[in-house]
Every structure is written in structure tokens, then in C-alpha cells.
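Chain residues, written in single-letter form:
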Amino acid sequence: MNIWIAIGLTAAGCYLAKLMGLLMPAGVLERPVVQRLAALLPVALLAALTAQQTFGDGQHLVLDARAAGLAAAALALALRAPFLVVVGAAVVVTAGVRAVT
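Source: prediction; values computed, not measured.

**A short note on helix 4 (residues 65–78)**
Thinking step 1. Here helix 4 spans 20 Å end to end across 14 residues, near enough to the 20 Å set by a 1.5 Å rise per residue.
Thinking step 2. Ala65, Ala67, Gly69, Ala72, Ala73 and Ala76 are the residues of helix 4 that are buried.
Thinking step 3. Buried residues along helix 4 sit against helix 3 (32–55) and helix 5 (83–100).
Thinking step 4. Put simply, Asp64 is the residue that caps the front of helix 4, since its side-chain oxygen is 3.2 Å from the backbone nitrogen of Arg66.
Thinking step 5. Positive phi shows up at Arg80, right after helix 4, with a value of about 60°.

Take a look at the structure:
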């Protein structure tokens with residue numbers, strides 16, 4: 001039963017966040033600090049999700065093949081590789097490490 005309360009609260013929170021965005025005056029949304037925050041927030045959320053999925057297994061921090069794949073992807077990004085090459089490098093390295101261990 002508790003899961004349904006969490007789902008309901010999450011749905012209500014998402015709806016209210018969307019409604020607040022629609023009700024905000026244009027002057028507030030056009031402020032430079034708000035625009036900077038709106039541009040950086042998705043990047044920060046994606047980075048946090050990537051870190052949680054890479055280094056966590058539910059209860060503990062882990063360092064396994066996923067970390068090696070992330071490192072390969074970061075290296076490919078640093079070398080300015082195309083997106084498909086970045087993903088491919090991460091997949092190949094992760095699979096290679098899993099095959100070896």
C-alpha cells in the first residue's frame with residue numbers, strides 16, 4: 001500500500017511542478033540566473049543518475065565492469081569521438097571486463 005502513496009505523491013508533485021512553470025510570470029523566467037539553472041539542471045541530474053547506476057547496487061558502492069565502461073566513454077568523449085563511438089566503446093569495454101572476470 002505504501003508504494004501507491006509514493007506513486008500518488010510523485011504524480012502530484014510532477015503535476016504541481018509543471019503547473020508552477022506555467023503560472024510563473026515571464027519576467028521571472030527570463031532572469032539570467034533562472035535560465036542558467038534551467039540549462040544546467042538536466043546535465044546535473046543526468047550525471048547523478050549515471051553515477052548512481054554505475055557505482056551503486058542498491059545498498060553499497062561497487063567498482064565493477066560498469067566503471068570501466070564509463071571510463072572508456074569518458075575517454076572517448078575527451079577525444080571528441082562521435083556519440084555512437086562513445087557508446088560502442090563503453091559497451092565493448094564493459095563486455096570485455098565482464099568476460100575476463
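**Topic: the environment of Gly27**
Thinking step 1. The topology assignment puts Gly27 in helix 2 (residues 26–29).
Thinking step 2. Judged by relative accessible area, Gly27 falls into the partly exposed class, the value being 48%.
Thinking step 3. Spatially, the C-alpha atom of Gly27 lies 30 Å from that of Ala47, the residues being 20 residues apart in sequence.

Rules used throughout
- Residues numbered from 1 in each chain as written.
- Predicted model: local features only at pLDDT ≥ 70, side-chain atom pairs only at ≥ 80, totals over all residues.
- Heavy atoms only, no water.
- Helix = DSSP H or I, 4+ residues; strand = E, 2+ residues; numbered from the N terminus.
- Expected span 1.5 Å × (residues − 1).
- Buried < 20%, exposed > 50% of the residue type's maximum accessible area, 1.4 Å probe, protein only.
- Contact = heavy atoms within 4.5 Å.
- Polar contact = N/O pair within 3.5 Å; in protein donor to acceptor, adjacent residues only side chain to side chain.

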